[in-house]
Amino acid sequence: FELGGPDGGMQIYVLPGPDLSNVAITMRKLDGQDGLCGNFNCNKTDDTKAELRARGWIEPVDRSASLFPAELESPEGWNVRIGPSPDEIMEQCPEEVRKQDCA
């Protein structure tokens, strides 16, 4: 699935699977943007866990500040893996794919 706003400012790609989904979000940089994906200043040294903790981005979001309604609470057992492990999935990848540089 691909979701996006009318101005193209954000795109959300959802790739559903049998026991997990992959989501890729691309968006334009916003003034003051910060969070677990970094602050987009091209300085990865200030995106460490310690730096994020100092900026208040490590603790869970309080329910009152959540953008999602309480009805979207995760169902029981959502975090129990029923498919192959990440290592097993990687073993299925062709050798040339596993050797690619992800940086």
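All of the points below concern the structure found in this document. All of these numbers come straight from a predicted model, not from anything done at the bench.

## Structural notes on the overall build of the chain
Of regular secondary structure, the chain possesses three helices and three strands. Traced from its N-terminal end to its C-terminal end, the chain shows the element sequence β-β-β-α-α-α. In the chain, which comprises 103 residues, the proportion classed as buried is 8%. Considering only intrachain contacts with a sequence separation of at least 6, the fraction spanning at least 24 residues in the chain is 6%.

## Considerations on the pattern of salt bridges
Within this structure, the stated rule accounts for two salt bridges. With its nearest N and O atoms 2.5 Å apart, the salt bridge here joins Asp34 to Arg55. Residue Asp34 is found in the loop between strand 3 (21-27) and helix 1 (49-54), and its partner Arg55 is found in the loop between helix 1 and helix 2 (86-92); the two are separated by 21 residues along the sequence. Given the relative accessible area of 22%, Asp34 is considered partly exposed. Looking at Arg55, the relative accessible area reads 29%, which means it is partly exposed. Asp47 is the partner of Arg55 in a salt bridge, and the nearest nitrogen-oxygen pair spans 3.5 Å. Taken together, the shared-partner salt bridges connect Asp34, Asp47 and Arg55 into one network.

## Quick notes on the pairing of strand 2 (residues 10-16)
As paired elements, strand 2 and strand 3 share seven bridges and run antiparallel to each other. From the neighbouring strand, Val14 faces strand 3, where its bridge partner is Val23. In this antiparallel pair of consecutive strands, strand 2 and strand 3, the connection spans four residues.

## Some words on the layout of surface pockets
In this structure, the largest pocket spans a volume of roughly 870 Å³. Taken together, 23 residues form the lining of the largest pocket, with Ile25, Trp57, Val61, Leu67 and Phe68 sitting closest to its centre. Tallying contributions element by element places strand 3 first for the lining of the largest pocket, with three residues. Classifying every residue of the lining of the largest pocket gives 14 nonpolar, six polar and three charged. What lines the second largest pocket is simply Arg63, Ser66, Phe68, Pro69, Leu72, Glu73, Ser74, Pro75 and Trp78. Grouping the constituent residues of the lining of the second largest pocket by class yields five nonpolar, two polar and two charged.

How each quantity is defined
Residues numbered from 1 in each chain as written. Predicted model: local features only at pLDDT ≥ 70, side-chain atom pairs only at ≥ 80, totals over all residues. Heavy atoms only, no water. Helix = DSSP H or I, 4+ residues; strand = E, 2+ residues; numbered from the N terminus. Buried < 20%, exposed > 50% of the residue type's maximum accessible area, 1.4 Å probe, protein only. Contact = heavy atoms within 4.5 Å. Salt bridge = Lys/Arg side-chain N within 4 Å of Asp/Glu carboxyl O. Pairing = 2+ DSSP bridges. 1 Å grid on protein atoms, 1.4 Å probe; cavity = no way out; pocket = protein on both sides within 12 Å on 5 of 7 lines; lining within 4 Å. Points joined across faces, edges and corners; volume = space filled by probe spheres on them. Nonpolar A, V, L, I, M, F, W, Y, C, P; charged D, E, K, R; others polar.

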